[in-house]
Amino acid sequence: MFNDKETFKQVFREKLIGNLGKPLEEASNADIYNTLGNMIRENAGKHWVETNQRFKADKGKQVYYFSMEFLIGRLLGNNLLNMGVLEVVREGLADLGFCLKDIEEEEADAGLGNGGLGRLAACFLDSLASLQYAGHGTGIRYKYGLFEQKIVDGYQVELPDYWLQKENVWEVRREDKQVEVKFWGHVDSYEKDGRLVFEHKDYEAVRAVPYDIPVIGADRRHVNTLRNWSAESITQPGRMFGSRGGSDYHKFLEYKRSVESISEFLYPDDSQYEGKLLRLKQQYFLCSAGLQSIIRTFDKLGLPYDTLPDKVGLHINDTHPTLVIPELMRILMDLKGMSWDEAWDITTRMVSYTNHTILSEALEKWPVTMVKELLPRIQLIIEEINARFCRELMDRYPGNQERISQMAIIYGDQVRMAHLAIVGSYSVNGVAALHTEILQKREMKLFDEYYPHRFNNKTNGITHRRWLLHANPPLTNLINEAIGTRWITHPQEMIGLIKYCEDSSFQEKVSGIKRQNKLRLAEFISSKHGEKVDPDSIFDVHVKRLHGYKRQLLNILHIIHLYNQIKANPSMDMVPRTFIFGAKAAPSYHLAKRTIKLINTVADVVNKDPDVKGKVRIFFLENYSVSLAEKIIPAADVSEQISTASKEASGTGNMKFMMNGALTIGTMDGANVEMHEMIGDDNMFLFGLRAEQVLDYYQYGGYYARNIYNEDSRLKEVLDQLVTPGPICCHTQEFDQIFHSLLDNNDEYFVLKDFASYVETHVEIDRAYRNQKDWLKKSIINIGHSGKFSSDNTISRYASEIWNISPVKF
Ligand SMILES: *Cc1c(COP(=O)(O)O)cnc(C)c1O
């Protein structure tokens, strides 16, 4: 494309003039961004076409990763990196008087996801393309991504994220690939040629139009597709209501509005189920549009349908796209004329499912009546799947009515989506060893017994290209200097760094890079908050969605305690700390929003207090997102991964911090357990209850939060400060709800129970940081082991152990 700076500059100038009709001198950063983005996409276009031709010639299996969320963030920097032109472009732009970092800031952060689950999907896309697998994303092109968070007077305020306001240079609208998705209506069945035929009538049709985004692999030549579907109205009057007809203009407008709402916005709930009709509509829209398009591609091959499972894999990211199962059954039976048994055999050889949570509030259960009204044919199919499954169970466990009702797909008036996903797929995976064990031994025990080979573990991962190469170039360069560049394509070889862990000169360099990154973040924070940030303090970072189980509350209660100690003894000896928070709360999650307010209130009190000057500062950075994460994580010394044990299925934030040299303070939860297995007690700071203990408390009781409050005077003091007039509680009753949840509702997440050991562990961190040589050694050991958590590793396992696919060679 352009292998040297001079060619780039020349091509770029011409493009700019052609694109904008203005000379370079008049171009704004936004102009530069648009031109550069379009140029890169066009360049990738050639490889995109070639990759698709390669897939056709190869005739191999293609995997489609269905996900309601793809939290991809910005693409420019990563695409430049994967195209291998990042440095050429950076230098070329500098010559032209522009700074690439500023140009990157022009791109809207594609926030089409809530948090970990959506970010995982994005990391997987990067690894699939970089490892040259035929693996594509299927998603929704939400007009509004996750809300933009502002902090006003310490409170979270949500603003709509109209990310498409700026032109999206990465997507290509593919009108020729559109399909129709049908809602409502009713189903007629009748016999024809000796078989029962189902006909969907009086439906409302929606036009699904795909927008394709090229997913550029690290070798630049392999380009997969992220196909995001947009809902649009059918414009020929009379067509949209199917056989019902009608062309009333008023009705049309109403219809148009309701159709467009399907891909209007992303539901802002993380780990929380919302049984809203519109959400169900979104889910079916994704599944039906995605599948129809996949089947159409398969049909072009002219192969018999029993080969479909050899050519297509369908992976569902959590239960949100579970409707691919009945939808595929519908297509195979109603449109392709297959029998139930043929269709079921094919379907269950195609679908694999990732479970992301055991939180009961996150398990999807749709009301039967809602599914029946919105998707009448789909509901009939789900009922039949359930009836046949229950019959199997009755054969296997005669008379064991209790077991059958525990396992049934439809129970009472609800469809249990996780059960449908398990029954209708050939593989069910958890996302970390501990999580998978809890699934198999506890939550889904009955299913694991019934399907002994179905459950497996695939520990999550993160793409080291975004989270290390792109986010932390100085550290990347240092690793290259030390062990060469092979680790970039074989991240597990980062383990070679271990031999430098005690090397003073290497330690010095690691320390210098961390300081450089901290200075950069300090400057960013100062520019937002107008306060000085001490780069010599410990940067102690807690960034992730706000949720009870993630225990931001434990963190802030500890900070209040620390504050109390300093007030009692202003000359207390401690290494200065800067506590950094970032977290969005679901708009309807009141307790979470109160926690944000508490953090900001404490920040206000502490940051202003002359007694703690130079010791503790607290910053809540608003609008935590992928691009903000890329700024924060390389600058962290301490990574807070303090979820209630058993609750965080894996976590991926923990991995990003580890890869950037932060030390973890964490519970034995999710992937922290595997981190600990690699680096041991010496290189991370573990505390708190173990998963087994937490689960036993839930099962057998025996935990009394109030006893701890009464016995631990430090905690009593802190909690009382939330509800008695003073610097923290100046408005009346602001934090009563938090107090109440801890004491009257018996502290669902064991905040009080883990408080003492959390406090102790922070003292240990303070002590450890004073020995910089030893701290740096730990940091290097963390970096060295982090290659294991590259999503390249994770995806290779999905490929060989679940999907049975190999890289598509040139
Ligand atoms: C990685 C990431 C997450 C997930 O973080 P956890 O600590 O695993 O919950 C959430 N949001 C963003 C923007 C991320 O980059």
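Each chain has its residues counted from 1, running along the sequence as written. Note on the predicted model: pLDDT of at least 70 is required for a residue's local features to be given, and 80 or more for side-chain atom pairs to be given and counted; whole-chain, interface and lining totals, by contrast, use all residues. By convention in this description, side-chain values take in all heavy atoms of the structure and omit both hydrogens and water.

Trainee: I would appreciate a short explanation of the overall build of the protein chain in the present structure.
Mentor: A tally of regular secondary structure across the protein chain gives 32 helices and 25 strands. Taking 810 residues into account, the globule formula puts the C-alpha radius of gyration at 28 Å, and the protein chain, at 27 Å, falls close to it. The principal-axis extent of the C-alpha atoms belonging to the protein chain is close to 90 × 75 × 55 Å. Partitioning the contacts of the protein chain with sequence separation of at least 6, the portion at a separation of at least 24 is 77%. Every accessible area reported is derived by Shrake-Rupley at a probe size of 1.4 Å, with residue values counting cover from the shown protein chains alone. Split by element, the accessible area of the protein chain, about 31200 Å² in all, is 49% carbon and sulfur. The average position of the 98 basic charges and that of the 109 acidic charges among the side chains of the protein chain differ by 3 Å. In DSSP terms, a helix is any run of H or I states spanning at least four residues, a strand is any run of E spanning at least two, and both are numbered starting from the N terminus. Radius of gyration: over C-alpha atoms. The globule rule applied is 2.2 Å multiplied by the number of residues raised to the 0.38 power. Note on definitions: a residue-residue contact is assigned when non-hydrogen atoms from the two residues lie within 4.5 Å. Charged residues are defined narrowly, with Lys and Arg counted positive, Asp and Glu counted negative, and His plus the chain ends left uncounted. Charged groups are reduced to one reference atom each: NZ for lysine, CZ for arginine, CG for aspartic acid, CD for glutamic acid.

Trainee: What should I look at first to understand the pattern of salt bridges in this one?
Mentor: Opposite charge on two side chains allows them to pair when their charged atoms are near. Note on definitions: salt bridges are taken to be side-chain nitrogens of Lys or Arg within 4 Å of carboxyl oxygens of Asp or Glu. Taken as a whole and judged by the stated rule, the model has 56 salt bridges. E158 is the salt-bridge partner of K593, the closest N and O atoms lying 2.8 Å from each other. Of this pair, K593 sits in helix α22 (residues 590-608) while E158 sits in strand β6 (residues 155-161), and the two are 435 residues apart along the sequence. One salt bridge connects D188 with K201, and the closest N-O pair in it is separated by 3.0 Å. You can see D188 sitting in strand β9 (residues 186-192) and its partner K201 sitting in strand β10 (residues 195-201), a full 13 residues away along the chain.

Trainee: Would you take a moment to explain the sheet that holds strand β15 (residues 365-367) for this structure?
Mentor: Strand order in this open sheet of 3 strands is β15-β17-β16, and the pairing throughout is antiparallel. Pairing within the sheet leaves two strands with one partner each, and these edge strands are β15 and β16 (410-411). When DSSP finds two or more bridges between two strands, those strands count as paired.

Trainee: I keep staring at the pairing of strand β11 (residues 204-216) and nothing clicks. Help me out?
Mentor: If a strand is regular, its side chains alternate between the two faces of the sheet. Exposed residues in this analysis have more than 50% of their type's maximum accessible area, buried residues have under 20%, and partly exposed residues fall in between, with area computed by a 1.4 Å probe over protein chains only. Within β11, 13 of the 13 residues are buried, which leaves it mostly tucked inside the rest of the structure. The alternating pattern of β11 places E204, V206, A208, P210, D212, P214 and I216 and A205, R207, V209, Y211, I213 and V215 on opposite faces, both of which are buried. Where strand β7 (residues 172-173) meets β11, 2 bridges bridge the pair, whose relative direction is antiparallel. Among the inter-strand pairings, V172 is bridged to a residue of β11, identified as D212. When β11 meets strand β12 (residues 223-232), the two strands line up antiparallel, connected through 10 bridges.

Trainee: In this structure, what is going on with the site of the ligand? I would like to understand it.
Mentor: Residues are classed as near a molecule or strand on a simple rule: at least one heavy atom within 4 Å of it. With respect to spatial proximity, 13 residues lie near the ligand, and among them K544, K550, T652, G653 and K656 are the closest. Two N or O atoms count as a polar contact when they lie within 3.5 Å, although within protein this holds only if one can serve as hydrogen donor and the other as acceptor, and sequence-adjacent residues are included solely when both atoms are side-chain atoms. With respect to the ligand, the backbone of G653 contributes an N or O atom lying 3.0 Å from an oxygen atom. Listed by contribution, the elements that provide at least two residues to the shell around the ligand are α6 (116-130) and α24 (653-659). Classes in brief: Ala, Val, Leu, Ile, Met, Phe, Trp, Tyr, Cys and Pro nonpolar; Asp, Glu, Lys and Arg charged; the others, Gly included, polar. For the shell around the ligand, the per-class residue count stands at 3 nonpolar, 6 polar and 4 charged.

Trainee: Help me understand the UniProt feature "modified residue: N6-(pyridoxal phosphate)lysine" (unreviewed entry) in the protein chain, please; the structure alone is not making it clear to me.
Mentor: UniProt positions are given in the numbering used here, feature names are shortened, and annotations may be inferred rather than shown by experiment. Under the feature "modified residue: N6-(pyridoxal phosphate)lysine" (unreviewed entry), the UniProt entry names K656. Along the chain, K656 falls in helix α24. Residues within four places of K656 in sequence aside, it is in contact with R119, I462, W467 and I633.

Trainee: I keep staring at the sheet that holds strand β23 (residues 638-641) and nothing clicks. Help me out?
Mentor: Spatial strand order, β22-β21-β20-β23-β24-β25: 6 strands in an open sheet with parallel pairing. On the outer flanks of this sheet lie β22 (616-620) and β25 (685-686), each paired with one strand and no other. Strand direction decides the pairing type here: strand β20 (residues 538-543) and β23, joined by 2 bridges, are parallel. Considered in β23, the bridge of V541 is made with S639. Across the sheet, helix α21 (residues 552-568) is in contact with β20, β21 (577-582), β22 and β23; its angle to β21 comes to roughly 155°. As a rule, the C-alpha atoms of each element are fitted with a line to give its axis, helices using only the stretch in contact, and angles between N-to-C directions run from 0 to 180 degrees. Strands in contact with helix α31 (residues 772-785) are β23, β24 (663-666) and β25; relative to β24, the strand with the most contacts, it is inclined by about 85°.

Trainee: Just to check I follow, could you spell out helix α7 (residues 249-260) for this structure?
Mentor: Along an α-helix, a turn takes 3.6 residues, which lines up residues three or four apart on a common side. With 12 residues, α7 extends 16 Å between its outermost C-alpha atoms, agreeing within 8% with the 16 Å of an ideal straight helix rising 1.5 Å per residue. Its buried side turned inward, α7 meets β11 and β12. In this analysis, the expected span of each helix is defined as 1.5 Å times one less than the number of residues it contains.

Trainee: What should I look at first to understand a nonpolar patch on the surface in this one?
Mentor: Together, V152, V157 and L159 line one region of the surface with nonpolar side chains, adding up to about 190 Å² of accessible area. Within the element layout of this structure, V152 appears in strand β5 (residues 145-152). Overall, the relative accessible area of 42% leaves V152 in the partly exposed class. Patches in this entry comprise residues that are over 30% relatively accessible and not in a salt bridge; like charges within 9 Å are linked, as are nonpolar side chains (Val, Leu, Ile, Met, Phe, Trp, Tyr) within 5 Å.

Trainee: When you look at the packing of aromatic side chains in this model, what are you seeing that I'm missing?
Mentor: Within a pair of aromatic rings, the relevant descriptors are the distance that separates the centres and the angle that separates the planes. Classification of ring pairs rests on two measures: the distance between centres of Phe, Tyr or Trp rings, Trp counted by its six-membered ring, which must be within 6.5 Å, and the angle between planes, read as stacked under 30 degrees, edge-to-face over 60 and tilted in between. Per the counting criterion, the structure on display carries 27 aromatic pairs. Between F265 and Y267, the ring centres sit 5.1 Å apart and the planes meet at 45°, which makes this aromatic pair tilted. Residue Y267 is classed as buried on the basis of its relative accessible area, which comes to 7%. Among the aromatic side chains, those forming a connected cluster through ring pairs are F389, Y397, F447, Y450 and Y451. A cation over a ring is seen here: R454 above Y451, with NZ or CZ 3.6 Å from the ring centre. Its guanidinium or amino end placed over the ring of W467, K656 lies 4.3 Å from that ring's centre, counting from NZ or CZ. The criterion for a charge sitting over a ring is simple: Lys NZ or Arg CZ within 6 Å of the ring centre, and within 35 degrees of the ring normal.

Trainee: For this particular structure, what's the right way to read the packing of helix α8 (residues 277-299) against helix α10 (residues 324-335)?
Mentor: Relative placement of two packed helices is described by the angle separating their axes and the distance separating the axes. Running from N to C, α8 and α10 cross one another at 45°; their axes reach a closest spacing of 9 Å. In terms of their interaxial angle, α8 and α10 are classed as oblique. Taken as a pair, α8 and α10 cross one another with a handedness that is right-handed. Where α8 abuts α10, its residues Y284, C287, S288, L291, Q292 and I295 lie against V324, E327, L328, R330 and I331. Residue composition of the contact of α8 with α10, by class: 7 nonpolar, 2 polar and 2 charged. Throughout, the term roughly parallel applies to angles under 35 degrees, roughly antiparallel to angles over 145, roughly perpendicular to angles from 65 to 115, and oblique to all others. Should the near helix be turned anticlockwise from the far one by less than a right angle, the crossing is left-handed, and should it be turned clockwise, the crossing is right-handed.

Trainee: Just checking my understanding: could you explain the pairing of β23 for this structure?
Mentor: Side-chain alternation along β23 places V638 and E640 on one buried face and S639 and Q641 on a second face that is also buried. For the handedness criterion, the β-α-β arrangement of β23, α24 and β24 is classed as right-handed. Place the viewer so that the strands point away; then a crossover is right-handed whenever the path from the first strand over the helix to the second strand goes clockwise.

Trainee: Hey, could you run me through unusual backbone geometry in this one?
Mentor: Backbone phi values are negative for most residues with the exception of glycine, while trans is the configuration of most peptide bonds. Backbone geometry at D318 places phi at a positive 70°, although glycine is not the residue there. Take D318: it is sitting in the loop between β13 (312-317) and α10. Residue classification places D318 among the buried residues on the basis of a relative accessible area of 8%. Positive phi outside glycine occurs at N746, with the angle close to 55°. Positionally, N746 belongs in the loop between α29 (736-743) and α30 (751-770).

Trainee: I'm lost on the environment of N114 in this one. Help?
Mentor: Tracing the sequence through the fold places N114 in the loop between β3 (110-112) and α6. The sequence separation of N114 and V431 amounts to 317 residues, and the corresponding C-alpha distance is 17 Å. Beyond its immediate stretch of four places on either side in the chain, N114 contacts E69, L71, L146, L266, Y267, P268, D269, D270 and R545. For N114, the side chain forms a polar contact with the main-chain oxygen of D269, separated by 3.2 Å.

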